[in-house]
Amino acid sequence: MSVAAVTLGRMGVNTSADAPLPVGAVSRLIGGWIDRLGAVWVEGQITQLSRRPGAGVVFLTLRDPAHDISVGVTCYRKVFDAVADVVTEGARVVVHAKPEWYAPRGQLSLRAAEIRPVGVGELLVRLEQRRKALAAEGLFALERKRPLPFLPQLIGLVCGRASAAERDVLENARHRWPAVRFEVRNVAVQGVHAVAQVTGAVRELDAHPEVDVIVVARGGGSVEDLLPFSDEELIRAVSGCRTPVVSAIGHEPDTPLLDLVADLRASTPTDAAKKVVPDVGEEHERVRQLRDRARRAAHGLVDREERGLAHALARPSIQDPYRMVEEREERVSALLGRSRRTLGHLLDRADSELAHTRARVVALSPAATLERGYAVLQTAEGAVVRAPAEVAYGAELRARVAEGELVVRRVEGAEEAAGDAAG
């Protein structure tokens, strides 16, 4: 929506295709609304400065460094002369001005009543505030840092055209590794267009499929000269990159916010070349040292194993392998003889004991008793008769003798006859 439409809408002016307002009326309405605005403090960077000799008015253009937005500013010469010694094109200033509308051209401008240059102290305070705000969002966190590739095949370089920083990076990198390739983007590294061009170059290189690392390089400068590299838009663009970014801005003491968000900070453009590209001579020397270490380690291992083998071969068991068997054979033979003798003694003793036991058994056996003429009487059921009362008269008995059996019968008067015979 245009400024005129917004202004007329707030004024409650009703228009239509059948009842339009003339351009002059619209311009006067806008001018009346802007006239009611009070004075404001505006910060920006001077991009154009016109001081015509003899003119009582100074014309300048004030631009927002972070955005492509500018506004014209006019002031009386005496207002500008108060700061003429310290304010030039490219300087950052704070202006106390009242918006004005130039009806004939339909142009908005600011009428400055006071101009204050932004000092280094104020810039540093604002940079510190910005640093804390971005750090609170985690943009500078260490876990966000990405490692650089060992040997990048294509390096993206953002730098000023024909600058010393470009020369330092290219010459030192190619001296260290002659085969390295670069994708260079020459941009403005200070001034009103620096932020937009550097940010665009970084995003373009990040989208390049072959770029392995991006180096943003610039030589030294004042705090004001390095302000583009602390711009929030550039910081967020670098934070969102998928490709590792190396910051090589200024000299060792210079610390723009780009150093904090980058994956690696180099103190100078030359240092960036050393950190991004390995030195071919150093790598050859490292390979040689590693090869020598490997050779020494292999020789040491072989020597140690040879000594171990020689020590093993010197052992008696290896030099005379049958000696242990022969010693064990003699011992086995001795034990076998002892075993046989012991077993013979045991068998002889057992045989003697068996003979004595057999003799006792034979002497005490019923058969031996029968051999001496005795007989054993048994009933028909096989029970041994021990007393006459156990046998009834007339009962048949078996009389076992040494050579066989006889059948006998108990008769009456046998007991008296036996008694008489005994008497």
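Each chain carries its own residue numbering, running from 1 in the written order of its sequence. Reporting in this predicted model follows two pLDDT cut-offs: at least 70 for local features of residues, and 80 or more for side-chain atom pairs to be given and counted; totals over whole chains, interfaces and linings ignore these cut-offs and use all residues. Heavy atoms from the whole structure form the basis of all side-chain values; hydrogens and water molecules are not counted.

The name an unreviewed UniProt entry assigns to the protein is Exodeoxyribonuclease 7 large subunit, from the organism Streptomyces gougerotii. UniProt positions are given in the numbering used here, feature names are shortened, and annotations may be inferred rather than shown by experiment. Per its UniProt entry, the protein bears the Subunit (unreviewed entry) comment "Heterooligomer composed of large and small subunits."

> Help me understand the overall build of the protein, please; the structure alone is not making it clear to me.
Counting from the N terminus, the helices are DSSP H or I runs at least four residues long and the strands are E runs at least two residues long. Each helix and strand counted, the protein has 14 helices and 13 strands in total. Taken over C-alpha atoms, the radius of gyration is set against a globule rule of 2.2 Å times the number of residues to the power 0.38. In terms of C-alpha radius of gyration, the protein reaches 62 Å, well past the compact-globule figure of 22 Å for 423 residues. Think of it in three bands: residues with accessible area under 20% of the maximum for their type are buried, residues over 50% are exposed, and the middle band is partly exposed, with areas taken using a 1.4 Å probe on protein chains only. The buried share among the 423 residues of the protein stands at 31%. For the accessible areas, the method is Shrake-Rupley and the probe is 1.4 Å, while residue cover comes only from the protein chains on display. Surface accessibility of the protein: about 26,700 Å² in total, with carbon and sulfur atoms responsible for 55%. Within the protein, the 58 negative side-chain charges are centred at a point lying 8 Å from the centre of the 57 positive side-chain charges. Charged-residue counts in this description rest on Lys and Arg as positive and Asp and Glu as negative, His and the chain ends being excluded. By convention, charge coordinates are those of NZ in Lys, CZ in Arg, CG in Asp, or CD in Glu.

> How should the sheet that holds strand β3 (residues 69-76) be read in this particular structure?
Through backbone hydrogen bonds, the strands of a sheet pair up, either in parallel or in antiparallel fashion. In space, the five strands of this closed barrel follow the order β1-β2-β3-β5-β4, with mixed pairing throughout. If you compare each strand with its neighbour and ignore which way they point, the axes differ by 55° on average. Between any two strands, at least two bridges found by DSSP are needed for them to pair. Where strand β2 (residues 57-64) and β3 come together, eight bridges link them in antiparallel fashion. Considered in β3, the bridge of D64 is made with I69. Note on contacts: a residue pair qualifies if any of its non-hydrogen atoms lie within 4.5 Å across the two residues. All axes here are fitted lines through C-alpha atoms, helices being fitted over the stretch that makes contact, and every angle between N-to-C directions spans 0 to 180 degrees. Against the sheet, helix α2 (residues 23-35) touches β4 (92-102) and β5 (107-117), its axis set at about 140° to β4.

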